[in-house]
Protein chains: 4
Amino acid sequence: DRPFVVAGRTLASRLIIGTGKYQSYEDNARALEASGADMITVAVRRVNLSDPSQPRLVDFIDPSKYVFLPNTAGCFTGEDAVRTLRLAREAGGWSLVKLEVLSDPKHLYPDMAETLRATDMLVKEGFDVMVYCSDDPVYARKLEDAGACAIMPLGAPIGSGLGIQNPVNIRLIIEAASVPVIVDAGVGTASDAAVAMELGCDGVLMNTAIAEARDPVRMARAMKHAVIAGREAYLAGRMAKKRYADPSSPLAGLI
Amino acid sequence: DRPFVVAGRTLASRLIIGTGKYQSYEDNARALEASGADMITVAVRRVNLSDPSQPRLVDFIDPSKYVFLPNTAGCFTGEDAVRTLRLAREAGGWSLVKLEVLSDPKHLYPDMAETLRATDMLVKEGFDVMVYCSDDPVYARKLEDAGACAIMPLGAPIGSGLGIQNPVNIRLIIEAASVPVIVDAGVGTASDAAVAMELGCDGVLMNTAIAEARDPVRMARAMKHAVIAGREAYLAGRMAKKRYADPSSPLAGLI
Amino acid sequence: DRPFVVAGRTLASRLIIGTGKYQSYEDNARALEASGADMITVAVRRVNLSDPSQPRLVDFIDPSKYVFLPNTAGCFTGEDAVRTLRLAREAGGWSLVKLEVLSDPKHLYPDMAETLRATDMLVKEGFDVMVYCSDDPVYARKLEDAGACAIMPLGAPIGSGLGIQNPVNIRLIIEAASVPVIVDAGVGTASDAAVAMELGCDGVLMNTAIAEARDPVRMARAMKHAVIAGREAYLAGRMAKKRYADPSSPLAGLI
Amino acid sequence: DRPFVVAGRTLASRLIIGTGKYQSYEDNARALEASGADMITVAVRRVNLSDPSQPRLVDFIDPSKYVFLPNTAGCFTGEDAVRTLRLAREAGGWSLVKLEVLSDPKHLYPDMAETLRATDMLVKEGFDVMVYCSDDPVYARKLEDAGACAIMPLGAPIGSGLGIQNPVNIRLIIEAASVPVIVDAGVGTASDAAVAMELGCDGVLMNTAIAEARDPVRMARAMKHAVIAGREAYLAGRMAKKRYADPSSPLAGLI
C-alpha cells in the first residue's frame, strides 16, 4: 500500500477519530489508544485546551504523540470558521485544520457555497485545509481546485449512524480526486467503515459510532480492524459477483 | 469475549477457510497463514491427501498445526455423504466433519431433508457434525435437535460473492441456537464478513472470496481483520440509528 | 400478458388479499373492492362463515363474486391442516385451498417437512393445493413434484412488513417453477409488491400491509396499482443499469 | 389527495416524461399516451420544433393537449441556459421551463453554484423555473428562496437507472420544501418510481427508463401505475415494520 499522506504528513492509521460525546477525556484517551488512530479532531470552540483550572484534553491526549486536527464545529458562516481557525493557529500553532461550515441543525450538512468561500480564504492565509463537504462530486472538484488538501464527504448526517447512503457519489469523488478522500460522518458500525474503505477512500473519520457505542473502547478496536479490512480488500481486488453458484470443488470427475 | 468452541475444540480464530480454486497448494498455504485461521475445510473427494506421487495438501499445510475439517462437497445424497466421511475417518482419523448434501448445481443449495437425515446417521456413528444448511430457522432447529455441533447457514449461493442475502433469517437462527452458528457461503468481500459477525454469528467460513480475489493473500488478511472487526462491533454494542443529525459538539453555549 | 391461471381458474387480478386484522367485515369488503382482487383468503378456523347469530364474512363479501381461498392459519401439524381443510370442503365445497403448516410463533415460518407431507396428503385427497412455503428453491421443487398447484414463498415473516428479504431465492424459484409462484407474506408497502412482481412472480398475497395501513382502502388501491406496475415492468424489460450518466439528449452536435 | 400544481398549472398526472432516446417521434407519442402524463420535457437545443422540412415533435405530440416543458439539456453555463430559454420563450411562448446546468459528462450532475445563479437570472426575467438539482437539502433551500417553482433533485446519474440512491436526502428536501419536489433522473424501473413517491415526492420525471425499456409503451404504462401506487401508499400511511412475525389470524382461541 502507498502511505496515507495529508498535506505532507504521513499517517500510520487511516482512521481518524473525534473528541465529542465521551463521558470524560480519560475515556476519550482510552478509545483513541484502542483505535490505533494517530490523528484526532478537536472542536476548538468547545474543547478546553488551555484553561488549567479545568480538565484539559491535552492532559489526557498528548499533542506530541498525536496529530491534533482543529475543526470548526458549530460555525455557520465562512467568517466564523476562519476566525476560529486563526485563533487556533495563534493558540496552538496548528496550520493543518478541518473546515466545516454548517447549515441547518436538523441535518448539519455543510453549506457548500460558504464552505468553498471559506476554503479559499483559509488557503490564501496559508492553512492546510481538510474540508467536510457534501457528497457532490462537482463541489469536491471545486474544493480541490481551491487548494483543499483533503476532501471529506459525508456518508450520512453527522451522528446518525446510518452508514454510507450514496456509494455512487463517493466512488465518483474518488475517481476524480488527486488529494485524499476521507469519509466524514455517517458511519454507525464496523461494516460501514469497511464499506467506505472498499470504495477506495483514503481514510475514515468518525466520532459518534465510537463514543456512543455501549463499549467505546471495544468499538474503537473494531473500527481499527474494519478500516484495515476495508483497505486491504480494496487493494486485494474482490471476486466478481455471480448470479448462480460456482462450486469450490469441481463437481465433475469426483473420486 | 467467550472462546469459540466447536465440539469441544477451542479455535483461536473465528474465520475458517477452504482449499478450493487456488492456483496451487502453496498459494493456499500462504493464504491460510495470512488469514489467521486455525481450521481449514477439505473436500475429501477432491483433494489429494494420501497419494505421494502427486502434490499433497498435507505437504503444504501441516495437519498438526491446523484443524482439518473434511467436507462432503460434491455429495448429492445422504448415503454418499456418510460413505465419504467414513472413509475420511478411516484414512485420517477425522471425526469432526462438515456435512453438505447438495441439490441442484445451479444454486448448490443443500437438500435439507437429506441433510437432516444424514446428520442423524452421522451423529449416531459418533461423528461431530458441522452442517451446511439453508437459512431456514426451522431446519436449523431440527439440525441442532439431531445433534449437530454447529449450524452453518448459507449467506448466498456458494461461490456467488453476493453477500448475506437475508440478515433476518441469520438473526433468527442465532437467537434460537445454543450451538455455534457459522455463516458458510456467500461472502464476497471484507464488509460482508463484518456484517455476518455483527449479526452475532460465531464464525464465518469462506473459500471463493479469498481464492478468487486478485491478490488472495491480501484478501485473506482483509478477512482476518473483518471477522475481528465484526465480532468486536457486535460485542461493543453499536450506536442507535437516528433519522436526523446529532452534533458531536453541542451547538449551544459555544465559546 | 398471458392470463393468471391457478389450478384451472383464471384470475383477473394478480393480487390476493386476506381477511385478518380488519376492524370489521365491512372494512374488509371495502378494501377488497378497492384492491381489485378476485381471490380472498380466509382462515377457516377463525372466520365466522356459518353462524347466522354473529356477523358473517359472507354477508359482506359475496362468495359468488369472489374466489374464497380457505387457509390453515393456526395449524402446526400436517394432520391438523388436513383436518381443517376437509371440514372446509364439507362446509363450503371448497377444493382449492391454501396450506400453511406453521412452526415457531416468533417467525411463523412454515415447517417445510410437515408442509410437504401435508401437501402430499391433500393432493391425494383431490385438493388443489396452493402452498405457503419458505423461499428455499429445493423445497419449492419438491412441492411442485408433490402436485402443488401454486408455490407461495414468503418474502419476510408474516405481518412484519419488511419487504422481500431474498430476491435471489425468489428468482431461483421462479426460474425453476412451472406452476404459478406467488409471494406470500412480508410485503409492507406498494414498492415491495412492485419489486416482487418485477422479479417475475405470478402474483402477490398480502394481508397486514393493507389491514394495518392508516387508511386500508387507499392502501388497497395502492397495491392494485403496484402489482400492475410491477408486472408491466417485468414484461416490458427494464433498461440496463449503468455506472455512469448517459445523456437523454446527445451532448455533441447541439444546435 | 391535493392537486399537483406547478406554478399555478394543475397537472392530472404526477408523472412527467421526456423526449430523448426514442426511435421516432411516433414511438415517443405512443409512450406518452400510455404513461398518462400531461407534461413532457423537451431539450430545445436538440428537438426539431419548427423546421417543417424535417419531422417535427409537434406533428406527433400536440402542444395544445400536453404541457411542453422546455429544458436546457446540454448547457454547461448559466448564460448558455438563460440564452436557450429566452429563445424558447420567443419561439413558443413558453415561460414555464426546466433549468439544468450540467458539469462533468461522466455524471451529468448539475453545477449547483451555476444553477442557483441561473435560477436567479431566470426568475428575474419572469420565467417559472423548475430546477434540476443535486439532492443537497441546503441547495434545495437556496433554490426555493431564489424563486424556483419546483425542486427537482436527482435520484441517481441521468440515464443510469440505478434508482434512488439517497432516500435520506430526498426526505430531508421534502420535509423542508414548500414548492413541489419532483425526483428527476435515476429511475430504472417501476419500483424505483414507487419508492420515490412513497418518500412523499410530488412527482417523478423520467426518460431513459421508458425509452430504453425493451417495450417502451408497456414500461410507460408500468410507470403510470407505479407513480399512482407510490402516491397512494404515501397517503395511506404504511404499516410499521416489525422484527418478528405478527399473525394475520390470532393463534389463541382457535375454533
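Rules of the game
Residues numbered from 1 in each chain as written. Chains lettered and ligands numbered in written order. Predicted model: local features only at pLDDT ≥ 70, side-chain atom pairs only at ≥ 80, totals over all residues. Heavy atoms only, no water. Helix = DSSP H or I, 4+ residues; strand = E, 2+ residues; numbered from the N terminus. Rg over C-alpha atoms; globule rule 2.2 N^0.38 Å. Buried < 20%, exposed > 50% of the residue type's maximum accessible area, 1.4 Å probe, protein only. Contact = heavy atoms within 4.5 Å. Buried area = accessible area lost by both parts, 1.4 Å probe. Salt bridge = Lys/Arg side-chain N within 4 Å of Asp/Glu carboxyl O. Polar contact = N/O pair within 3.5 Å; in protein donor to acceptor, adjacent residues only side chain to side chain. Nonpolar A, V, L, I, M, F, W, Y, C, P; charged D, E, K, R; others polar. Least-squares fit on C-alpha atoms with pLDDT ≥ 70 in both. pLDDT = per-residue confidence, 0-100. Phe/Tyr/Trp six-rings, centres within 6.5 Å; stacked < 30°, edge-to-face > 60°. Expected span 1.5 Å × (residues − 1).

### Here we look at the overall build of chain A
Along chain A, the regular secondary structure elements total eight helices and ten strands. Here the C-alpha radius of gyration of chain A, 19 Å, is about what a compact globule of 255 residues would show, namely 18 Å. By its C-alpha atoms, chain A is 75 × 40 × 35 Å across when sized along the principal axes. Relative to its 255 residues, chain A shows a buried fraction of 63%. Within chain A, counting contacts between residues at least 6 apart in sequence, those at least 24 apart form 63% of the total.

### Observations regarding the interface of chain B and chain D
With five residues of chain B at the contact, the number on the chain D side is five residues. For the pair chain B and chain D, the two sides together bury roughly 470 Å², of which 35% comes from carbon and sulfur. For chain B, the biggest contributors to the area lost against chain D are Arg171(B), Arg243(B) and Tyr244(B); these three give 78% of the whole. One can count two salt bridges joining chain B with chain D. Here chain B and chain D share four residue pairs in polar contact (both at pLDDT 80 or more) between them. For the side of chain B that touches chain D, the per-class residue count stands at two nonpolar, no polar and three charged.

### Description of the relation of the copies chain B and chain D
Once chain B has been moved 0.0 Å along the axis and rotated by 180°, it coincides with chain D to within an RMSD of 0.0 Å. Interpreted geometrically, this transformation is the action of a two-fold axis. The C-alpha atom lying nearest the rotation axis in chain B is that of Lys241(B); the distance is 7.6 Å. Take the interface residues of chain B: 100% of them recur as interface residues in chain D, which is what a same-surface contact looks like.

### Quick notes on helix H6 (residues 190–198) of chain D
Counted residue by residue, H6(D) has eight buried out of nine residues, so it is predominantly covered. For H6(D), every residue scored as buried is listed here: Ala190(D), Ser191(D), Asp192(D), Ala193(D), Ala194(D), Ala196(D), Met197(D) and Glu198(D). Along its buried surface, H6(D) packs onto helix H6 (190–198) and helix H8 (216–236) of chain C together with strand E9 (182–184), strand E10 (203–206) and helix H8 (216–236) of chain D. Backbone geometry just downstream of H6(D) places Gly200(D) in the positive-phi region, at approximately 105°.

### With respect to the side chain of Ser160(B)
Position of Ser160(B) among the secondary structure elements: in the loop between strand E8 (150–153) and helix H5 (167–176). Only 2.7 Å separates the side chain of Ser160(B) from the backbone oxygen of Pro157(B), close enough to count as a polar contact. Aside from chain neighbours lying at most four places away, what touches Ser160(B) is Met239(A), Ala240(A), Lys241(A), Lys242(A), Tyr244(A) and Gly186(B).

### Brief notes about the confidence of the model for chain A
The pLDDT averaged across chain A works out to 94; a share of 97% of its residues lies at or above 70. For this predicted complex, the interface score ipTM comes out at 0.94, while the overall pTM is 0.95.

### Notes on the packing of aromatic side chains
Two aromatic rings are characterised by how far apart their centres lie and by the angle between their planes. All names here are of chain A. The final tally for this structure, using the stated rule, is ten aromatic pairs over all chains. Measuring from centroid to centroid gives 6.1 Å for Tyr-25 and Phe-60, while their planes differ by 40°, and the two rings are tilted. Of the two residues, Tyr-25 is situated in helix H1 (residues 25–35) and Phe-60 in the loop between strand E4 (39–43) and strand E5 (67–71); the sequence distance between them amounts to 35 residues. Overall, Phe-60 belongs to the partly exposed group, its relative accessible area being 38%.

### Digging into helix H3 (residues 112–124) of chain D
Between the first and last C-alpha of H3(D) there are 18 Å, a value that for 13 residues agrees with the 18 Å anticipated at 1.5 Å per step. In the core, the buried residues of H3(D) are packed alongside helix H4 (137–145) of chain A together with helix H2 (78–92), strand E6 (96–99), strand E7 (128–133) and helix H4 (137–145) of chain D. A side-chain oxygen of the first residue of H3(D) lies 3.1 Å from the backbone nitrogen of Ala113(D); this N-cap is Asp111(D). Positioned one or two residues after H3(D), Gly126(D) has a phi angle of 90°, which is positive.

### Structural notes on the relation of the copies chain A and chain B
For the pair chain A and chain B, the best superposition has an RMSD of 0.0 Å and corresponds to a rotation of 180° with a translation of 0.0 Å parallel to the axis. Most of the interface of chain A is mirrored in chain B, where 100% of its interface residues again form contacts.

### A look at the environment of Ala176(C)
Residues and elements named next belong to chain C. Here Ala-176 lies in helix H5 (residues 167–176). With a relative accessible area of 43%, Ala-176 lands in the partly exposed category. Note: C-alpha distance between Ala-176 and Ala-140 (36 residues apart in sequence) is 8.8 Å. Beyond its immediate sequence surroundings of up to four residues, Ala-176 is in contact with Arg-141 and Glu-144.

### Description of the interface of chain A and chain B
Taken residue by residue, the interface counts 68 residues in chain A and 68 residues in chain B. With both sides pooled, the region where chain A packs onto chain B buries about 5600 Å², and carbon together with sulfur makes up 58% of that total. Ranking the residues of chain A by area buried against chain B places Arg46(A), Arg218(A) and Met239(A) at the top, with a combined share of 12%. Between Arg221(B) and Glu232(A) there is a salt bridge, with its nearest N and O atoms 2.9 Å apart.

### Let's talk about the environment of His225(C)
Here His225(C) is to be found in helix H8. Filtering out sequence-adjacent residues up to four positions away, His225(C) remains in contact with His225(D), Ile228(D) and Ala229(D).

### Considering the side chain of Arg45(C)
Residues and elements named next belong to chain C. Within the secondary structure layout, Arg-45 lies in the loop between strand E4 (39–43) and strand E5 (67–71). Exposure remark for Arg-45: the relative accessible area of 15% places this residue in the buried category. At 2.8 Å, the side chain of Arg-45 and the backbone oxygen of Gly-74 are in polar contact.

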